[in-house]
Amino acid sequence: MMDLAQLLTLRPIILGFIGMAIGGIAFPACGVIIIRNGLVSLRYALMHGIILGGTISLALKLPMNLTVIAVNLILVLLMMRLRFSLSSSSALIMVFTMAFASLLAHVADVPSKDTLEILWGSPFALTSQDLWLMGSVGLVLILYCTLSFKILSAIAFDKETAISMGLNVRLHSTLTVVIAALCISVSMKTLGALLLDALLIIPALCAGRTSSSLKGMFIQASAYGLGFSMAGYMLALLFNLPVSAMLSILSAFALLITSLIKGARKK
Amino acid sequence: MGQARRIMQMPALSVTGLSIGYESRLLSNLSFTVSDKEKVLVIGPNGSGKTTLLKTIAGILKPLAGTIKTDKAHIAYLKQDWPSQEFPISALEVASLASNTARALKMMKATGCAHLAKRSFFSLSGGERQRVSLARCLAQDASLILMDEPSSFLDRESQALMSGFLKGPLLADKAVMLVTHDPSLIQALGWRTIEL
């Protein structure tokens, strides 16, 4: 325990702790939006966008966060312009981004160790600039969810009902996709492209199993997210294990438990 | 004051030369008006375009031709079915989608479902969901309510309750356009009919 206390005085550990706390509280709200608005395939595409953006930044020595955000925003705009279904355009983007990232990594001779960092992430590598970015995006997300809660509820409930109420469903659908792209992009450094779901989607899925209201789902998703990220971070420090793996195992376990509870309640 | 009086005298809905459909035309050159506080039934066989007509008036579908004159801000639409994918949303959250919570709760009391406020909407029976949805439409303060077969999936008791709401004072100051092919409801309500 003494070792843990000493570790928590180190700057990278403190920055990682703050980053995990911000991500844990704020980003599960994005997961609720992704699940309710049927954007799951889009988030897969954006996770591949992270890999492409990360590879471009490594190959061209550009700032990673900004490059990933730019690539994902371009991909979102491209997907919205394509007149395909969301799943078809997501599949196209996934294949294209991986192929391009692979080619670029080969041509630019990007070291495989750096590429692995994109896939698995590390909260210990967070800088204060990353935290400001995460905090800003998290704040935008929470403000949007709070101020537009009724609109989000109506769209989540039924798009046709929302349109008949005179709501600008197209505008809000675009805003939610852009916010999701930002959240996924800035979460990358904490958990990496492959395990982002542990912070974004799984807390929302757990909350969906234990809440009976949408407001409750948002609040509980944040509570689960904070719990998973803090517990995962501390356990990773204690046992000297990768944070992303610890957090993912914890959240997957919690999803199993909440699913069992929901199943038992139905009986 | 004069302008307000003119607005008061305007029909709740005026449809002229309307053509509706998805890729091909289902109905062409449809013209009718629904007066303020008037109650109208839209009847016709399956596939005749009843639901498409309501969706077009509600702004969900674009008309292929013609004009719809109505106060778009004051239309409430009660769908025939509910979202198939269940998720956590309380009955009160559904009822208050287009109004504040206090007004939604008041309308839930009026439709006899206030006791369900905290329950998950998707855990309710068909009749209970329909009462919550009606409360949403009433809370929306709409002058025209579009209802698509509001009693089609209900048991006999819930159908009688819905019929009571339709004839009762809750909808007295609203224009209502109701799609149905339930002969007993058509007979019970005795409203003017538009046959497609």
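Owing to the predicted nature of the structure, the values given are computational and were not obtained by experimental measurement.

Rules used in this analysis
- Residues numbered from 1 in each chain as written.
- Chains lettered and ligands numbered in written order.
- Predicted model: local features only at pLDDT ≥ 70, side-chain atom pairs only at ≥ 80, totals over all residues.
- Heavy atoms only, no water.
- Helix = DSSP H or I, 4+ residues; strand = E, 2+ residues; numbered from the N terminus.
- Rg over C-alpha atoms; globule rule 2.2 N^0.38 Å.
- Contact = heavy atoms within 4.5 Å.
- Areas by Shrake-Rupley, 256 points an atom, 1.4 Å probe, with all protein chains shown as cover.
- Axes fitted to C-alpha atoms, helices over the stretch in contact; angles between N-to-C directions.
- Parallel < 35°, antiparallel > 145°, perpendicular 65-115°, else oblique.
- Left-handed = near helix turned anticlockwise from the far one by under 90°.
- Buried < 20%, exposed > 50% of the residue type's maximum accessible area, 1.4 Å probe, protein only.
- Phe/Tyr/Trp six-rings, centres within 6.5 Å; stacked < 30°, edge-to-face > 60°.
- Expected span 1.5 Å × (residues − 1).
- Pairing = 2+ DSSP bridges.
- Buried area = accessible area lost by both parts, 1.4 Å probe.
- Salt bridge = Lys/Arg side-chain N within 4 Å of Asp/Glu carboxyl O.
- Polar contact = N/O pair within 3.5 Å; in protein donor to acceptor, adjacent residues only side chain to side chain.
- Nonpolar A, V, L, I, M, F, W, Y, C, P; charged D, E, K, R; others polar.

Novice: In this structure, what is going on with the overall build of chain A? I would like to understand it.
Specialist: A count of helices and strands for chain A gives 14 helices and zero strands. Mapped in sequence order, the helices and strands of chain A form the string α-α-α-α-α-α-α-α-α-α-α-α-α-α. Relative to the globule expectation of 18 Å for 267 residues, the C-alpha radius of gyration of chain A, 19 Å, shows essentially globular dimensions. The principal-axis extent of the C-alpha atoms belonging to chain A is close to 55 × 45 × 35 Å. Partitioning the intrachain contacts of chain A with sequence separation of at least 6 by distance along the chain shows that 76% fall at a separation of at least 24. For chain A, the accessible area works out to roughly 12300 Å², and carbon and sulfur atoms hold 72% of it.

Novice: Could you clarify how one ought to interpret the packing of helix 3 (residues 28–36) of chain A against helix 11 (residues 169–191) of chain A in this entry?
Specialist: All names here are of chain A. In the contact formed by helix 3 and helix 11, the axes pass within 10 Å of each other and the chain directions differ by 135 degrees. By the criterion of interaxial angle, the relationship of helix 3 to helix 11 is oblique. Crossing of helix 3 over helix 11 shows left-handed handedness. Where helix 3 abuts helix 11, its residues C30, I33 and I34 lie against T176, A180, C183 and I184.

Novice: What is the right way to read unusual backbone geometry from this model?
Specialist: In most cases, non-glycine residues show a negative phi, while peptide bonds are predominantly trans. Residues and elements named next belong to chain B. In the Ramachandran plot, N29 falls in the positive-phi region, its phi being about 50 degrees despite a non-glycine side chain. Inspection of the secondary structure assignment puts N29 in strand 2 (residues 25–34). For N29, a relative accessible area of 60% translates into the label exposed.

Novice: Sorry if this is basic, but what is going on with the packing of aromatic side chains here?
Specialist: All names here are of chain B. A complete count under the given rule lists eight aromatic pairs over all chains for this structure. With a centroid separation of 5.6 Å and 50 degrees between ring planes, the pair formed by F87 and F122 is classed as tilted. Here F87, found in the loop between strand 5 (75–78) and helix 3 (91–95), pairs with F122, found in the loop between helix 4 (101–110) and helix 5 (126–139); they are 35 residues apart in sequence, far enough to count as distant. Looking at F87, the relative accessible area reads 6%, which means it is buried.

Novice: I'm lost on helix 11 of chain A in this one. Help?
Specialist: Each α-helix winds once per 3.6 residues, and so residues spaced three or four apart point in a common direction. Here helix 11 of chain A spans 32 Å end to end across 23 residues, near enough to the 33 Å set by a 1.5 Å rise per residue. G192 of chain A sits one or two residues past helix 11 of chain A and shows a positive phi near 85 degrees.

Novice: Looking at this structure, how should I read the sheet that holds strand 2 of chain B?
Specialist: Backbone hydrogen bonds are what pair the strands of a sheet, in a parallel or an antiparallel way. All names here are of chain B. Reading across from one edge, 2-1-4 is the order of the three strands in this open sheet, with antiparallel pairing throughout. Edge positions in the sheet fall to strand 2 and strand 4 (65–70), since each of these pairs with one other strand and no more. Across this sheet, the average inter-strand angle for adjacent strands is 20 degrees, counted without regard to direction. One ladder, built from five bridges, connects strand 1 (residues 13–21) with strand 4; its direction is antiparallel. In the strand pairing of strand 4, S19 is matched with A65. Contacts from helix 2 (residues 50–57) reach strand 1, strand 2 and strand 4 within the one sheet, and its direction differs from that of strand 1 by about 120 degrees.

Novice: What should I look at first to understand helix 2 of chain B in this one?
Specialist: Residue and element names in this part refer to chain B. For helix 2, a buried count of seven out of eight residues is recorded, marking the element as mostly surrounded by other parts of the structure. All of the buried residues in helix 2 are K50, T52, L53, L54, K55, T56 and I57. Just downstream of helix 2, G59 is the residue with a positive phi angle, here 90 degrees.

Novice: Before we go on, may I ask you to explain the interface of chain B and chain A in this structure?
Specialist: For interface size, the figure often reported is the accessible area lost on association. On the side of chain A, 21 residues touch chain B, which itself brings 27 residues to the contact. Of the roughly 2000 Å² buried between chain B and chain A on both sides combined, carbon and sulfur atoms contribute 59%. Together, F87, P88 and L97 of chain B form the three largest contributors to the area buried by chain B at its contact with chain A, with a combined 32%. Summed over the shared surface of chain B and chain A, the result is three salt bridges. Residue K79 of chain B pairs with E160 of chain A through a salt bridge whose shortest N-O separation is 3.1 Å. Counting the contacts that link chain B with chain A gives nine residue pairs in polar contact (both at pLDDT 80 or more). Secondary-structure elements contributing two or more residues to the side of chain B that touches chain A are strand 5 and helix 3 of chain B. When grouped by side-chain class, the residues that make up the side of chain B that touches chain A number 13 nonpolar, nine polar and five charged.

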